[in-house]
Amino acid sequence: MADMKAVSDKQTIYLTATGRRSELLMPAGSLEKLKVAILYGADAVYMGTPDMSLRTKSSVTLEDVIEGVEFAHARGKRVYLTLNLFSHNKDINKLDEYIETVRKVNPDGLIVADPGVFMFVKEKAPELELHVSTQANICSWQSVKFWQDIGAKLAVLGREVSYEELTEIREKCPDIKLEAFVHGSMCMTYSGRCLLSNFMAERGANQGACANSCRWGYKVHIRLKDGTLKELELSEEEMDKFEFFLEEDYRQGELMPLEEDARGSYILNSRDLCIMPKLDDYLKIGVDSLKVEGRGKSAYYAGMVARAYRMAIDDWYDDPDNWNPKKYLDELTAVPNRGYTLAFHEGRLTNYSHAYDDNQNIGDYEYAGQIVEVRDDAFIVDIKNKLTKGEVLEFMSPYQQDPMMIRMYEFEDIRSGETVEVVQPGKKPQIRIPFSLFHEENLENLKKNFPVMTILRKERPLTQDQWDRMKVDYEVRMMEAGLGKESTYEKRAEQLRTSIKDRSKDRKLKTPRMGTEGCCGKGCNGCMIFWNDPIYEKARMLLKQKKQGEMFDRDMKEDLTLSDQSIEQVSAAE
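A brief report on the enclosed structure follows. By convention here, each chain's residues receive numbers from 1 onward along its written sequence. With pLDDT at 70 or above as the cut-off, local features in this predicted model cover only qualifying residues; side-chain atom pairs require 80 or more to be listed or tallied, and sums for whole chains, interfaces and linings still use all residues. The basis for every side-chain value is the complete set of heavy atoms in the structure, and neither hydrogens nor water enter the calculation.

1. A closer look at the pattern of salt bridges
Point 1. A pairing counts as a salt bridge when a side-chain nitrogen of Lys or Arg comes within 4 Å of a carboxyl oxygen of Asp or Glu. Here the structure, examined in full by the defined rule, presents 28 salt bridges.
Point 2. Taking the shortest distance from any N to any O, the salt bridge between K326 and D330 comes out at 2.9 Å. Taken together, the residues span about one helical turn, with K326 and D330 both in helix α10 (residues 326–333) at a distance of four residues.
Point 3. Note on exposure labels: buried denotes an accessible area under 20% of the residue type's maximum, exposed denotes more than 50%, and partly exposed covers the range between, all computed with a 1.4 Å probe on protein chains only. The class of D330 is partly exposed, set by a relative accessible area of 38%.
Point 4. Taking the shortest distance from any N to any O, the salt bridge between E494 and R497 comes out at 3.2 Å. Placement of the pair is E494 and R497 together in helix α13 (residues 486–501), with a separation of three residues, close to one helical turn.
Point 5. Residue classification places E494 among the partly exposed positions, given a relative accessible area of 42%.
Point 6. R497 gets classed as partly exposed once you look at its relative accessible area, which sits at 30%.
Point 7. Taken together, the shared-partner salt bridges connect R21, D43, R310 and D314 into one network. Helix numbering and strand numbering both begin at the N terminus, where a helix is a DSSP run of H or I of at least 4 residues and a strand a DSSP run of E of at least 2.

2. Comments concerning the pairing of strand β5 (residues 78–83)
Point 1. Burial analysis of β5 places six of its six residues in the buried class, which makes it a mostly covered element.
Point 2. Side chains R78, Y80 and T82 of β5 all project onto a buried face; the interleaved residues V79, L81 and L83 project onto the opposite face, where all are buried too.
Point 3. Strand pairing follows a simple DSSP-based rule, namely that at least 2 bridges must link the two strands. As paired strands, strand β4 (residues 44–47) and β5 are joined by four bridges and run parallel to one another. Within β5, the residue paired with M47 across the bridge is L81.
Point 4. Relative to strand β6 (residues 109–112), β5 runs parallel, the two sharing four bridges. Opposite T82, over in β6, you have I111 as the bridge partner.
Point 5. Call a crossover right-handed when, viewed with both strands pointing away from you, the route from the first strand across the helix to the second goes clockwise. Taken together, β5, helix α3 (residues 89–105) and β6 constitute a β-α-β crossover, and its handedness is right-handed.

3. Comments concerning the sheet that holds strand β22 (residues 392–396)
Point 1. Reading across from one edge, β23-β22-β28-β19-β20-β27-β24-β25 is the order of the eight strands in this open sheet, with antiparallel pairing throughout. What marks the edges here is a single partner per strand, and that holds for β23 (404–407) and β25 (419–420).
Point 2. Against the sheet, helix α9 (residues 299–318) touches β19 (365–374), β22 and β28 (455–459), its axis set at about 95° to β28. The contact criterion used throughout is that any non-hydrogen atoms of two residues lie within 4.5 Å. Axis definition: a line fitted to C-alpha atoms, limited for helices to the stretch in contact. Angles are taken between N-to-C directions and run from 0 to 180 degrees.

4. Some words on the side chain of R460
Point 1. Residue position: R460 is located in the loop between β28 and α12 (464–480).
Point 2. For the buried R460, no salt bridge is present, and the opposite-charge side chain at shortest range is E366, 4.6 Å distant.
Point 3. Among all residues touching R460, those that are not within four sequence positions of it are N361, I362, G363, D364, Y365, E366, Q466, K508 and L509. His residues and chain termini do not enter the charge count, which takes Lys and Arg as positive and Asp and Glu as negative.

5. A few points about the environment of A299
Point 1. Note on placement: A299 falls in helix α9.
Point 2. With a relative accessible area of 6%, A299 lands in the buried category.
Point 3. As for A299 and K33, which are separated by 266 residues in sequence, their C-alpha atoms are 4.9 Å apart.
Point 4. Look past the residues within four positions of A299 in its chain and what remains in contact with it is E32, K33, V36, Y367 and I455.

6. Points about the packing of aromatic side chains
Point 1. In summary, the pairing rule links any two rings of Phe, Tyr or Trp, Trp by its six-membered ring, whose centres are within 6.5 Å, and it sorts them by plane angle into stacked for under 30 degrees, edge-to-face for over 60 and tilted for everything else. A full pass over the atoms with the stated rule returns twelve aromatic pairs.
Point 2. With a centroid separation of 5.8 Å and an interplanar angle of 20°, the aromatic rings of W323 and Y328 are classed as stacked. Side by side, W323 and Y328 carry an identical accessibility label, which is buried.
Point 3. Between the aromatic rings of F379 and F438, the centroid separation amounts to 5.9 Å while the plane-to-plane angle is 85°, which identifies the pairing as edge-to-face. Of the two residues, F379 is situated in strand β20 (residues 378–383) and F438 in the loop between β27 (430–434) and α11 (443–449); the sequence distance between them amounts to 59 residues.
Point 4. Taking the relative accessible area as the measure of exposure, F379 reaches 0% and is therefore buried.
Point 5. Three or more aromatic residues link up through ring pairs in this structure, and these residues are F379, F395, F435, F438 and F450.
Point 6. Charge-over-ring contacts are defined here by two conditions on Lys NZ or Arg CZ: a distance within 6 Å of the ring centre and an angle within 35 degrees of the ring normal. In this structure, R75 is placed above the aromatic ring of F71, and the distance from its NZ or CZ to the ring centre is 3.6 Å.
Point 7. The residue whose ring lies beneath K172 is W141, and the NZ or CZ to ring-centre distance is 5.1 Å.

7. Thoughts on unusual backbone geometry
Point 1. Although it is not a glycine, N137 sits at a positive phi angle of roughly 60°.
Point 2. One can find N137 in the loop between β7 (130–132) and α5 (141–149).
Point 3. Judged by its relative accessible area of 19%, N137 falls in the buried class.
Point 4. Positive phi is not limited to glycine here, since A343 has a value of about 55°.
Point 5. Residue position: A343 is located in the loop between β18 (340–341) and β19.

Structure below.
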């Protein structure tokens, strides 16, 4: 039962319905993603089989489900299976066999949306704990009570529920577990009840085959009095003059009327949900399960998002009064995203929740590789993206907050035995990274803190329009936090529109670097320039005051390197 508990003189929190800490619930679109999510801190995962859950492209087999549940339970973690499709008559005959299979698998909960399926499972397998899917559109405490009264143990709330409503639901429904989305893609329709995909691509969104039609590029057309049609760029002056139509890029001549009412427009490209700036609100009121969307995303996404939320949740429970979301949010911006929004947290969506100019998934880091074996003297790493000499690899430990970095000048191909300067990911290569390269690290800590399945990342070079998009994304977060300026946002948005028109293929990295001979000044393992060149003597002194990997402040950059005279003095002293 949800009770109040004082954690300090400054604030009071509600315990969850179970009395446990809020759980971090991660998606498991494959067995690998399940294991990665659990390694990086998930308390629970949700997964399903292709024919009976809303993810028809899922690569999960029955054997994977069985192995995944055993893997999770052996580590004290929970697994919820999805049965959240809206059933047609053809689906009913499968239910008996499916339920018998589920019984053998022994999950910790079954996620259901269809009331008929809910009652079927309740009658046939009363021992299974039933969770009500977000597809059931639960947006009020009255709806929660309805499902609780007929046997539900957990209610997944719709993304449309505001924080104020969520707080009231928690107060009025203290004895049922509540689950809320905190991160991931958002459908532009009411809790995913989309017909656009069916209309545009004959792919049923509520049968797990969404074509993401809301993400496609559209043009607005107007019909003039003489009957001719023209493409139009919208402005405030023109909004009241014309009747508007949408034309999808690859369906020229197929026009759809565009209307808007008090709830907003109906064909939109939403930014991704990210509650991290307000995560303490959810923890404070005792939301039982904090859910991340993304069964179709990569293992890199599963690991890095789980890692950021795990750190944030644990740090809040350790010290709620001094909790600050910035460092965790910085980690999430490194994961490809469409720009983040708080969405319905404050109530109605604002125009900042939608990305009108760009729908790319952008992050300033990318998946470099994954440790597949830890030997006595080296890591064996699967390569996921192209590596070139001079690049810095960041080892993202599941157990420590700071990444470990190493600068690589060459790569040892484990299969051919050759040493190369470039590694292409096409043939699924593996490289050997000997422990001797980590001259700043303790050998035992290396083996303990970087186990098999540890993720490696590297900086991703971006084009100018991509950097401008990230600046817009930052301003959106500032505006939603009440710290931004409309004029700054508009300036950034205009810069983005200009750079999109002038889109080039030139790419640059986030940190200052000049190829193999340069140095980013972060003190990476193996960076011979940083650790040995006299020019970086002052930088090495400054690094003692900072953590490895922490960027130098702007005002330090000019003073990072010594003058020629100072270099001569250092050399003479040596």
